[in-house]
Amino acid sequence: MYLTNIPLMAAKSMQENVGTMLGFPGVNNPLPLVAPNDFSTGVLMKKNVLALSIAAMVAGFAGGASAMTVADNDPAAAATKLIVGNSGTGHMLVVPYFSTQAANATLLSVINTDTVNGKAVKVRFRGAANSDDIFDFQVFLSPGDVWTAEVSQNAQGVSRLVTNDASCTKPAKETINSTPFITSRLNPKLSAEEKANQTREGYIEIFNMADIPPVTTNTGVYPLIKHVNGVAPCANVTANGVANTAWTDLNTNTDAGGLAALGLARPTTGLAANWTLINVPKAVAWSGTATGIEAVNADNNPVAAKYVYFPQSQVSAAGLAAQFTADPLLNTTSVTSGGVTTTVPAAVAPALYDLPDMSTPYVAGTPAAQATALSRALAATSVINEYWTDPAIAAATDWVFSMPTRRYAAAVKYPAAGSDASVKPVAVYNPGNIGYFTADNTTLVGDRLCVRNISTGPWDREERKPQAADDVVISPGVPGEAVLFCGEVSVLSFNNAASSVSGVISGTVAVKDIDVGFQDGWMRLDTPGAVAANGLPVLGQAFVSAYNPQVSDGTSGNYNIGWSHRYIRPVNSPL
């Protein structure tokens, strides 16, 4: 979406109506157009509607976890492996970046392209620093349905999500719209403002947990989530004297047999998602599509996968973590010293709402095996893209890098609240997932895990490159080490005078500046993994802004451009 050389009144009218046109709330407040480099300008879009808190969203749910034997009871799933599909649809989706920094808002559409089956969908927002869960809920899409939402800051600077969509959710839409993003899993030593800032950038995971096949009777979940004249019940329904309690039964039923009895079926492909990063004051927007990951058979055809439905509940999942997640912070570990083995509790107490995640098996195998397979599917040994920083057109470029599978190999354990100042964050590694991130290629800087050994190769537009390695400066840096990707989602800003705020999208959580010595050109980043030939699992794109100084008075000359990264994939990866 470009807003280029639009007469001022037309641009304002477009701002006023864009939210209504697209079906998103909260982005239709008219705000003044500003030049692209004035990042302090622009009133934040403040509403009295907040976003979802994990604690609040599960407060009314109860039920035990002892019956959950999904993997053991589901041997008939046809899928044998996961791939990044070519269709843009999938069993699971990854949106590489969201932002509510400065005057940014993020618009999200989740589309069910399956016109026969409904979908039980999990949506999770993870923070940019260390992939901490800051917001999650469920959406129930009827066949051919689209769910939309908008994410921006509340009055306290914390992200919140607002949806006016009619699709069913757990918890109810009113709860989602009235609670801010949660900060209890962030570093407790951070100030309130630092915690708020860490809710303003990250990435989004989306999972089809189960299909919801059509039925013609008042039984199971389908009639409770199917739109009739644009409205779905989203509640238990009694019809002809028969009570259908499937809506509340979903809060406790967990095993494959019980889910089937509620009208759920093994998940198939068909989910798609679009995202838009919109900045109303500057009349610019960038957009993209989610990466689709499909469960397929031996012929690479998408097929049904294992059930991965888990209730949206705060009931403990401590007994299930080893079976359903590779997250090293959610699992207990064993430490042997002097011949004595001690069990170390999970750093983060897992609840049912933590599942599924990207390592929860859709196919036969362990969570660590799935995390490794996903990393392999996303891995690149090099990332290539273009940059513009010509001051004549106020050009600026930010590159975003998202590593959605890093959490399942390496995570950061924070000190306990109230602990002594000498207690520092520590890196925790998964010994079952060692091909991409280990202590050998990562280093902890403060409470951020950074990746070592990344090398840069910038060129200008006239075939020139730096004469010496020292001609390229990355800041802030670690003396003696070339580190990048200091965060699960990191922003690399070009020729931005070492600013702590990125030049285009106002990123602050995990930002580095790179001075390449040229105004415009292209660059290749070489990204070896812990096993160098594996590369690193990375997604992202370039965000570019520019300004036409020759526009007439009353006309906005702001430009926005987005380019997906290009990747060189591993050849004969050892894993």
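Residues numbered from 1 in each chain as written. Predicted model: local features only at pLDDT ≥ 70, side-chain atom pairs only at ≥ 80, totals over all residues. Heavy atoms only, no water.

*Asks:* Mind laying out empty space enclosed by the protein, listing which residues take part and the relevant values?
*Replies:* Throughout the structure, instances matching the rule amount to 6 cavities of 30 Å³ or more. What the second largest cavity holds in volume is close to 50 Å³. As for the second largest cavity, its lining consists of F401, L484, F485, C486, S490, V491, L492, A510, V511 and K512. Put simply, the parts of the chain that give the lining of the second largest cavity at least two residues each are β28 (489–494) and β29 (511–515). Tallied by class, residues from the lining of the second largest cavity come to 8 nonpolar, 1 polar and 1 charged. (1 Å grid on protein atoms, 1.4 Å probe; cavity = no way out; pocket = protein on both sides within 12 Å on 5 of 7 lines; lining within 4 Å. Points joined across faces, edges and corners; volume = space filled by probe spheres on them. Helix = DSSP H or I, 4+ residues; strand = E, 2+ residues; numbered from the N terminus. Nonpolar A, V, L, I, M, F, W, Y, C, P; charged D, E, K, R; others polar.)

*Asks:* Requested: an account of the nonpolar core, with residues and values cited.
*Replies:* Proteins that are soluble and globular tend to have nonpolar side chains buried together. Within the largest apolar cluster, 83 residues are counted, with the highest numbers of intra-cluster contacts made by F125 and L161. The biggest single contributor to this core is strand β10 (residues 201–212), with 7 residues. Those residues in contact with F125 that lie beyond four places of it in its chain are F98, L108, D132, D133, I134, F135, F137, V151, L161, F181, Y203 and I204. M403, I454, V516 and L525 belong to the second-largest nonpolar core, a separate cluster that totals 35 residues. (Core = buried A, V, L, I, M, F, W, Y, C linked by side-chain atoms within 4.5 Å. Buried < 20%, exposed > 50% of the residue type's maximum accessible area, 1.4 Å probe, protein only. Contact = heavy atoms within 4.5 Å.)

*Asks:* I'd like a rundown of the sheet that holds strand β15 (residues 291–296), residues and numbers included.
*Replies:* If you walk across this open sheet you meet the 7 strands as β2-β15-β3-β10-β5-β6-β9, and the pairing is antiparallel. This sheet does not close on itself; its edge strands, each paired only once, are β2 (81–84) and β9 (168–170). For this sheet, the mean angle separating the axes of adjacent strands, direction not counted, is 25°. Across 10 bridges, strand β5 (residues 118–127) lies against β10 in antiparallel orientation. Bridge pairing in β10 places K122 opposite F207. (Pairing = 2+ DSSP bridges. Axes fitted to C-alpha atoms, helices over the stretch in contact; angles between N-to-C directions.)

*Asks:* How would you explain helix α9 (residues 367–378) if you had to name every residue and give the values?
*Replies:* In a regular helix each residue adds 1.5 Å, so 12 residues correspond to 16 Å; α9 covers 17 Å between its end C-alpha atoms and thus fits that length. The complete set of buried residues in α9 reads P367, A368, Q370, A371, T372, L374, S375 and L378. (Expected span 1.5 Å × (residues − 1).)

*Asks:* Residue-level account of the pattern of salt bridges, with values.
*Replies:* In total, this model carries 16 salt bridges according to the counting rule given. For K119, the salt bridge goes to D211, with nearest N and O atoms at 3.0 Å. Highlighted residues: K119 in strand β5 and D211 in strand β10, separated in sequence by 92 residues. The exposure class of K119 is buried, given its relative accessible area of 0%. Here the salt bridges share partners, and the residues they tie into one network are R124, R126, D133 and E205. (Salt bridge = Lys/Arg side-chain N within 4 Å of Asp/Glu carboxyl O.)

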